[in-house]
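Tertiary structure, described
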Amino acid sequence: MSVQNGDEWAPRKNIIIIGSGWAGSTLETSLDETKYSLTVISPETTTPCTPLLASAACGLYDFNIVETPIRHTIKKIKFVKARVESIGFKAKSVKCIPCFDDLSVKDFTLDYDIVVIAPGSTNHTFNTPRVSEHALFLRNARDAMKIASRIQDCFEKASIPGLTDTQKRCLLHFVIVGAGPTGVEVSSELSDLFSTSYASLYPHLKPYVSIAIHEDYAMSSFTKRNRVEGDCLHTKEMGRINAGLVICATGNKSTDLEDSLPVKKTPRNPRILTDSFLRVYSPDSELLDGVYAIGDAADVENACLPTTAEVACQKAKYLAKALNVAVKEEFQYQQAAIVACLGQNDGVVSGKTDYSGAQAWIAWRSKNFLWTRTWRQKVLIVVGWVLNLVTGRAIAQFAPR
Ligand SMILES: Cc1cc2nc3c(=O)[nH]c(=O)nc-3n(C[C@H](O)[C@H](O)[C@H](O)COP(=O)(O)OP(=O)(O)OC[C@H]3O[C@@H](n4cnc5c(N)ncnc54)[C@H](O)[C@@H]3O)c2cc1C
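Residues numbered from 1 in each chain as written. Predicted model: local features only at pLDDT ≥ 70, side-chain atom pairs only at ≥ 80, totals over all residues. Heavy atoms only, no water.

The alternating pattern of strand β17 (residues 245–248) places L245 and I247 on one face and V246 and C248 on the opposite face, and all of these are buried. Note: strand β12 (residues 173–177) against β17, four bridges, orientation parallel. Its bridge partner being in β17, V177 is matched across the sheet by C248. (Buried < 20%, exposed > 50% of the residue type's maximum accessible area, 1.4 Å probe, protein only. Helix = DSSP H or I, 4+ residues; strand = E, 2+ residues; numbered from the N terminus. Pairing = 2+ DSSP bridges.)

Written as structure tokens, this is what we have:
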């Protein structure tokens, strides 16, 4: 297919976007489809609305609200449910593995004119033994469901007759490893959940419930003696800590794809290094033709930007504008307000102006609303708030085991 581009008829260029997270989905919705043929490749058919996950895990929102489908009717994009295994920068093609084991096609290759690398990041476990099997993480709605289900199991187990006080205390001890924004938000939501809905449903267990946050440094200083088991956490500093549930919010590390790509990376906590036009360098510092990187997976030279949805969206919008209308300005991050919930109608806002208290909590709730992408989600968010006020949190949501 061809489109009129200025005075000339030019073929539509093929853009492949790797990843359907904040960066990939924002780019896909902002690119001009009359100029580009868009293909998104990702193992996930949805984009998780990460700022809402902690609230969903604690019954404030329905799990459906916190994922936005990548396929939609607004734009004609191609979506391929697959994992990109490698990129041939010379051949301008990506090699993919379908996310289905029962297909005769085991891998396939797609050609691109432009490729945008946005595979995000993954959970950093600091190679702590058994943490991946026993602790829970929070990256998407599936994780939020698992947390909700495990919390309920802990309360039900602790209600079985014959348990000692110590056993109840252990089952109802909730440990969050990582005191960054996610760790703090999860613990605030847990605290709200336990002091409201769970307090009225399980009044007999109220004295046994406790929440502890373990700082990131404790995790990063883990040695062979430190590990997570089914019902406990071993740390070098504090020895064995019995817990009903351990949630790991210990930050990000690069994905397998990012690790395997022959491109220039940032020195520490490696991320793909880009210039200020978000273009990717080869290892010998040559710009690669038609290759861009955005989101958590990449950082701009000399910028040291945080791994946040705010940065991912700003980069995606900049790149879409640059490709749509060929703007020549460099990317510049505009500092946005950082909002976090501290529980019990308290919050904190920083970044632009700093304040805390009820006003900050309202700012956090409003930002939740703004983060959602569809009208359906926005309406359901407000319904969630009203139901929360009237009937309390939805703690009996169906969650897979
Ligand atoms: C619980 C939580 C709360 C958060 N709250 C906030 C907040 O309040 N404000 C804020 O600004 N930020 C927040 N963040 C951070 C924010 O979510 C991330 O910075 C953001 O998701 C990064 O977007 P991304 O598109 O780069 O990566 P992601 O959103 O992680 O998406 C990456 C995508 O790439 C796909 N992918 C991975 N490997 C491959 C491959 N090989 N091939 C194809 N696809 C692949 C993944 O499946 C995924 O779809 C939060 C994060 C978490 C976990």
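From this point, things continue past the structure.
Here we take up the site of the ligand. Lining the immediate environment of the ligand, one finds 29 residues, of which A23, T50, V84, D296 and T308 sit closest. Within the backbone of A23, an N or O atom sits 2.8 Å from an oxygen atom of the ligand. Residue S42 places a side-chain N or O atom 3.2 Å away from an oxygen atom belonging to the ligand. Protein contact buries 85% of the 990 Å² of open area that the ligand shows by itself. Taken together, the residues that form the shell around the ligand break down as 15 nonpolar, ten polar and four charged. (Near = heavy atom within 4 Å. Polar contact = N/O pair within 3.5 Å; in protein donor to acceptor, adjacent residues only side chain to side chain. Areas by Shrake-Rupley, 256 points an atom, 1.4 Å probe, with all protein chains shown as cover. Nonpolar A, V, L, I, M, F, W, Y, C, P; charged D, E, K, R; others polar.)

A few words now on the sheet that holds strand β23 (residues 338–343). One key point about sheets: their strands pair by backbone hydrogen bonds, in either a parallel or an antiparallel sense. One open sheet holds the three strands; their spatial order is β23-β24-β25, and the pairing between them is antiparallel. Only two strands of the sheet have a single neighbouring strand rather than two, namely β23 and β25 (355–357). Strand-to-strand, the axes of this sheet are offset by a mean angle of 10°, without reference to chain direction. Note: β23 against strand β24 (residues 346–350), five bridges, orientation antiparallel. Counterpart to I338 in the pairing with β24 is S350. Here helix α11 (residues 358–371) sits on the sheet and contacts β23, β24 and β25; the angle it forms with β25, its principal contact strand, is near 95°. (Axes fitted to C-alpha atoms, helices over the stretch in contact; angles between N-to-C directions. Contact = heavy atoms within 4.5 Å.)

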